Amino acid sequence: GLRVFGEFLARHGHKHIYLPNPTWGNHIPIFQNAGLEVRKYRYYDTENSDLDYDNMSSDIKDVPEGSCVLFHACAHNPTGMDPTMEQWAELSQITKDRKIMVFFDCAYQGFASGNAPQDAGAIRMFIEEGHNLALVQSFSKNFGLYGQRVGALSVVTANDAEKAAVESQLKITIRPMYSNPPRHGARIVKTVLSDPRLTNDFIDQCKGMADRINDMRIKLRGTLEEVGSTHSWEHITKQIGMFAYSGLQKDQVLALRDNHHIYCTLDGRISMAGVTSKNVEYMANAIHEVSK
């Protein structure tokens, strides 16, 4: 979906796209390979381990009119820090004033708040406020269909004629790329979301996974504090979603790998889905050891 819409943008006059800094690492080559220059807006305050909203909104106000800006819809990867609904409302107005093409990437719906419908709140707000936006969704994580590569690309248009034109151009982009997608995983998602009872089961099961991850956040932070770490680990429990943007430096990450056989990305992003009641104490002690 990202690559398709990136190429769609490049075919229709866009030269660049704005991404949050930091963002999912694969965003950058995907859009570069689609023919777009990748530009960035500030997003994360590393010093305070928090959302850098003031600089984020300031940068977006400076984006050239008519540009495309990508937002993470919920559970920002890798930081786990999202704007509040009040901040989303401000961003909606800023992007509308700048005639910005808004592109939402929604990869972790259900894992942010634990409520899948609530996690789509920013998207619904932008649509209600009149944005003709694009949205790409992944069902890999929340449906447990990682090997099926299931997702959806949606575009909100002004009218039926624009809808037909956009759909036609997307098909022209898709045809030489992959022609037709596999159907099996998509039909599973359609079956679930077309049935109210199964949809409720899906929402409840997402909440169960989100609650378990949040429990591990509390346990990891608490154990780090118990073992005597002098660092603040408050950000671990402030963040949401699948990842903890730990603040560990590259040399500390390598020490975790070499000395304790714990693996995370070099920017310190820990997959909280891999933290369990059986390994959380080992992880906390190892993190404490390399970050003293």
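It should be noted that the structure appears before, not after, this text.
Rules of the game
Residues numbered from 1 in each chain as written. Predicted model: local features only at pLDDT ≥ 70, side-chain atom pairs only at ≥ 80, totals over all residues. Heavy atoms only, no water. Axes fitted to C-alpha atoms, helices over the stretch in contact; angles between N-to-C directions. Helix = DSSP H or I, 4+ residues; strand = E, 2+ residues; numbered from the N terminus. Parallel < 35°, antiparallel > 145°, perpendicular 65-115°, else oblique. Left-handed = near helix turned anticlockwise from the far one by under 90°. Contact = heavy atoms within 4.5 Å. Salt bridge = Lys/Arg side-chain N within 4 Å of Asp/Glu carboxyl O. Buried < 20%, exposed > 50% of the residue type's maximum accessible area, 1.4 Å probe, protein only. Pairing = 2+ DSSP bridges. Right-handed = clockwise from strand over helix to strand, strands pointing away. Lys, Arg positive; Asp, Glu negative; His and termini not counted.

Let's talk about the packing of helix α11 (residues 250-260) against helix α12 (residues 280-291)
Okay, step 1: Taken N-terminus to C-terminus, the directions of α11 and α12 make an angle of 125 degrees; their axes are 9 Å apart at the nearest point. Put simply, α11 runs oblique to α12. At the point where α11 passes α12, the crossing takes the right-handed sense. Of α12, the residues touching α11 (which contributes Gln252, Ala255, Leu256 and His260) are Tyr282, Ala286, Ile287, Glu289, Val290 and Ser291.

Considerations on the pattern of salt bridges
Okay, step 1: Going through the model one piece at a time under the given rule, you end up with ten salt bridges.
Okay, step 2: Measuring nitrogen to oxygen at the nearest pair gives 3.8 Å for the salt bridge that ties glutamate 167 to lysine 171. With glutamate 167 and lysine 171 both in helix α7 (residues 160-174) and four residues apart, this pair spans about one turn of that helix.
Okay, step 3: Relative accessible area serves as the criterion here: at 41%, glutamate 167 is assigned to the partly exposed category.

Points about the pairing of strand β2 (residues 37-42)
Okay, step 1: Pairing between strand β1 (residues 16-21) and β2: six bridges, direction parallel. Considered in β2, the bridge of histidine 16 is made with glutamate 37.
Okay, step 2: In this fold, β1 hands off to helix α2 (residues 27-33), which returns the chain to β2; that crossover is right-handed.

What about the side chain of arginine 269?
Okay, step 1: Inspection of the secondary structure puts arginine 269 in strand β10 (residues 269-271).
Okay, step 2: Although arginine 269 lies buried, it forms no salt bridge, and the closest oppositely charged side chain, aspartate 267, sits 5.3 Å away as judged by the N-O distance.
Okay, step 3: Setting aside anything within four residues of it in sequence, one finds arginine 269 in contact with Asn77, Pro78, Phe243, Ala244, Tyr245 and Cys264.

A short note on the sheet that holds strand β7 (residues 134-138)
Okay, step 1: Read across the sheet, six strands follow the order β2-β1-β5-β6-β7-β8 without closing on themselves; strand pairing throughout is mixed. Each having just a single partner strand, β2 and β8 (151-155) make up the two edges of the open sheet. When the angles between neighbouring strand axes are averaged without regard to direction, this sheet yields 20 degrees.
Okay, step 2: Relative to β7, strand β6 (residues 101-106) runs parallel, the two sharing four bridges. Along β7, the bridge assignment pairs aspartate 105 with valine 136.
Okay, step 3: Packed on one face of the sheet, helix α1 (residues 2-11) meets β1, β5 (68-72), β6, β7 and β8 and runs near 170 degrees to β6.

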